[in-house]
Amino acid sequence: MLLISSLVSVYLFKDRIIQQFIDEANKSLSTPVRIGKIDISLWGGFPNLAIVFNDVYIEDSHAGNYPLLTAKQVSFFLNPIEVWQGRYSVRGLQILNSETNLKISADGITNYTIINKRKGSSEEAIQFDLRNVRFVDTKVFYKDLSRNQDHAFISEKLTASIAVNDDIYKILAKGDVTTEQIRVKSSTFLKMKRFQVNADLLYNDIEKDLLINPSHLALHESQFEITGKYNFKVKNSIDVACDGKNTDIQTLLSLMPESTNTRLSKYESDGNVYFSLNLKGEISERNDPSLSIRFGCNNTTLYHPDYKSRIEKANLEGSFTSPSTADFSEAALFLKNVNGALNERFFQADLSVLNFENPYVTFVFKGDLDASSIENFYPINGVQNLTGDLSIDISFAGQTSLLKKKTTAQQVIANGAIEMRRLNFNYGDQDIQFENLSGAFRFTNNDLALSNVNGKLEHSDFELNGFFKNIITFLLFENQPIGIETDLKSDFIDLDHLFEIGFGQEGSNDFNFNISPNLYLNFNCDVKSLHYKRFKP
């Protein structure tokens, strides 16, 4: 009866209660607030009552008219007996369809300093005991113009509790958070990734210190544990660690930038895949935190659900480090002890990349592979019906920029050989057929030697021996010279068909072509017969 009487009394005097609540709230806010409609709900948070604000607009603290928060509805849940006694202890909060815009100007001034410091008695008319805070359909945008950062988050449903002890806030949050983007200067991370969040935070408002107790993020079936701290009292400093639990290759690939992830996102794994990350350092206009990532797999199977081939017994030890999250010019990537079996054919490899601005690359690969298994694991653009065998034993070491000039290209070390055995495939939109390709390509720095490379190209057969000078530079960069010193032997060449491939259907009519000035040619031919129009030598 007491409770019912209190509720009825509150409802009868709702106009006075609403006005008193607004008056007290306005004393705490330093920026304009606009509200479309205000009402009291007796049942929205029973047994508490709710003061409901509809169409809420709160202006930010920067000069000009810019919204800090807009919301379709904001509800404050209070004890009705305390309200009748003139005390407003907010027990819960619900925000529906909101958009929050947090901004730091180029001068480092925030737009969310809107709370007035109360003078006099420490007894506040409105107090907060937020054991139940609910956000539904929430968007948060964060822009820091002084550090060129732009982040965006959305959440369908997020529930939190906030316990306040003096200036210490203990925050527990649970729900979903989608990162639309996290952008630091020109680098964009975690685009459209939906996480399930279970966070445990401790915030000290005096020391401006945020402590992240072991908190958990779930992405697909993978779990990530996050710990660390963030302090911004004197300067912005961060020290956060993230360890992956029960991760798989599909989840880790999905965290990569979209440009890298497009062709790899559907690959899956069975086995032990591990991942850890550490972000540490100062965040300022001149400084960015360092980034360290460790990842790899042990005795893992990698496969694509739509393809036939799979890599089994795969092992990899990887690491990526950069002294700055915004500048990867001094970053380093290492892939060590990479090995496994592609359809029961073993291979091994190592890769390192130093200085992403002017990369120094070291690469080693060795394996005896079934060519069809390569196409069935990772399709090659333009290549179809690939069969045969490949023996690969190659190594590369040097700065890629040295390949741009003929005078420095020889400083790059490229050695090894690729041997083909009965290779068959169709290539390109014209479905050009290569048959029974055999022979060896041998690399000596920037040159390529052809040793008994023979087979059939459509109706024509060939055997090549010789050298391609400056071949790597020619393939990697535009307007680079190439020297060809090669002997060709053939039993029959169908020149009509080759011209049709090279020049289209018009190849059978009159035509002319130019030899590139970048081509240095010493080409010896020994052809037993050929066919060109009515000319049949």
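An account of the accompanying structure is given in this report. The shown structure was predicted, so the numbers you read here are calculated from the model rather than taken from an experiment.

The subject of this paragraph is the overall build of the chain. If you tally the helices and strands in the chain, you get nine helices and 27 strands. Expressed as a percentage of the 537 residues in the chain, the buried residues total 39%. The contacts of the chain with a sequence gap of at least 6 include a subset with a gap of at least 24, amounting to 52%. By element, 53% of the accessible surface of the chain is carried by carbon and sulfur atoms, the whole surface being about 30500 Å².

The next subject is the packing of aromatic side chains. Enumeration over the complete set of coordinates arrives at nine aromatic pairs. With a centroid separation of 6.0 Å and 10° between ring planes, the pair formed by Phe347 and Phe365 is classed as stacked. Residue Phe347 is found in strand β17 (residues 345-354), and its partner Phe365 is found in strand β18 (residues 360-370); the two are separated by 18 residues along the sequence. As far as the burial class goes, Phe347 and Phe365 line up, both buried. Relative to Tyr532, the ring of Phe499 lies with its centre 5.8 Å away and its plane at 85°, an arrangement referred to as edge-to-face. With Phe499 in helix α9 (residues 495-503) and Tyr532 in the segment after β27 (530-531), this pair connects stretches of sequence that are 33 residues apart. Each member of the aromatic cluster is reached from another via a ring pair, and the members are Tyr169, Tyr203, Tyr230 and Phe232. One residue, Arg34, lies across the ring of Tyr57, its end atom 4.0 Å from the ring centre.

As a further point, take the side chain of Lys193. Position of Lys193 among the secondary structure elements: in strand β9 (residues 193-204). Here Lys191 takes part through its backbone oxygen, which lies 2.8 Å from a polar atom of the side chain of Lys193.

Counted according to the given criterion, the structure contains 11 salt bridges. Among the salt bridges present, the one from Arg194 reaches Glu156, with a minimum N-O distance of 3.5 Å. With Arg194 in strand β9 and Glu156 in strand β6 (residues 149-165), this pair connects stretches of sequence that are 38 residues apart. Residue Arg194 is classed as partly exposed on the basis of its relative accessible area of 38%. Judged by relative accessible area, which is 48%, Glu156 ranks as partly exposed. One continuous salt-bridge network, built from bridges that share partners, spans Arg345, Asp368, Asp389, Arg421 and Arg422.

Most of strand β2 (residues 48-59) is tucked away, with 10 of its 12 residues classed as buried. Note that β2 and strand β3 (residues 67-78) share 10 bridges and pair antiparallel. Among the inter-strand pairings, Leu49 is bridged to a residue of β3, identified as Leu78.

Time to look at the side chain of His151. Mapped onto the secondary structure, His151 falls in strand β6. Within the structure, the side chain of His151 is placed 3.3 Å from the backbone nitrogen of Arg183, a separation counted as a polar contact. Not counting the four nearest positions on each side in its chain, His151 is found in contact with Val140, Phe141, Tyr142, Gln181, Ile182, Arg183 and Val184.

Together, Phe334, Leu354 and Tyr360 give the surface a local cluster of nonpolar side chains, amounting to about 240 Å² of exposed area. Locating Phe334 in the fold gives a position in strand β16 (residues 332-342). Classification of Phe334 as partly exposed rests on a relative accessible area of 32%.

Another point: the environment of Leu217. Within the secondary structure, Leu217 sits in strand β10 (residues 209-219). For the pair Leu217 and Lys174, spaced 43 residues apart in sequence, the C-alpha separation works out to 9.8 Å. Those residues in contact with Leu217, other than ones at most four positions away along the chain, are Phe195, Gln196, Val197, Ser222, Gln223, Phe224 and Ile226.

Our focus in this paragraph is the environment of Ile249. Tracing the backbone through its elements, the reader meets Ile249 in helix α4 (residues 249-254). Overall, the relative accessible area of 22% leaves Ile249 in the partly exposed class. When the C-alpha atoms of Ile249 and Tyr303 are compared, they prove to be 9.8 Å apart, with 54 residues separating the residues in sequence. In this structure, Ile249 is in contact with Tyr267, Glu268, Ser269, Val273 and Leu302, ignoring residues within four places of it in sequence.

Conventions we followed
Residues numbered from 1 in each chain as written. Predicted model: local features only at pLDDT ≥ 70, side-chain atom pairs only at ≥ 80, totals over all residues. Heavy atoms only, no water. Helix = DSSP H or I, 4+ residues; strand = E, 2+ residues; numbered from the N terminus. Buried < 20%, exposed > 50% of the residue type's maximum accessible area, 1.4 Å probe, protein only. Contact = heavy atoms within 4.5 Å. Areas by Shrake-Rupley, 256 points an atom, 1.4 Å probe, with all protein chains shown as cover. Phe/Tyr/Trp six-rings, centres within 6.5 Å; stacked < 30°, edge-to-face > 60°. Lys NZ or Arg CZ within 6 Å of the ring centre and 35° of its normal. Polar contact = N/O pair within 3.5 Å; in protein donor to acceptor, adjacent residues only side chain to side chain. Salt bridge = Lys/Arg side-chain N within 4 Å of Asp/Glu carboxyl O. Pairing = 2+ DSSP bridges. Patch = residues over 30% accessible without salt bridge, like charges linked within 9 Å, V, L, I, M, F, W, Y side chains within 5 Å.

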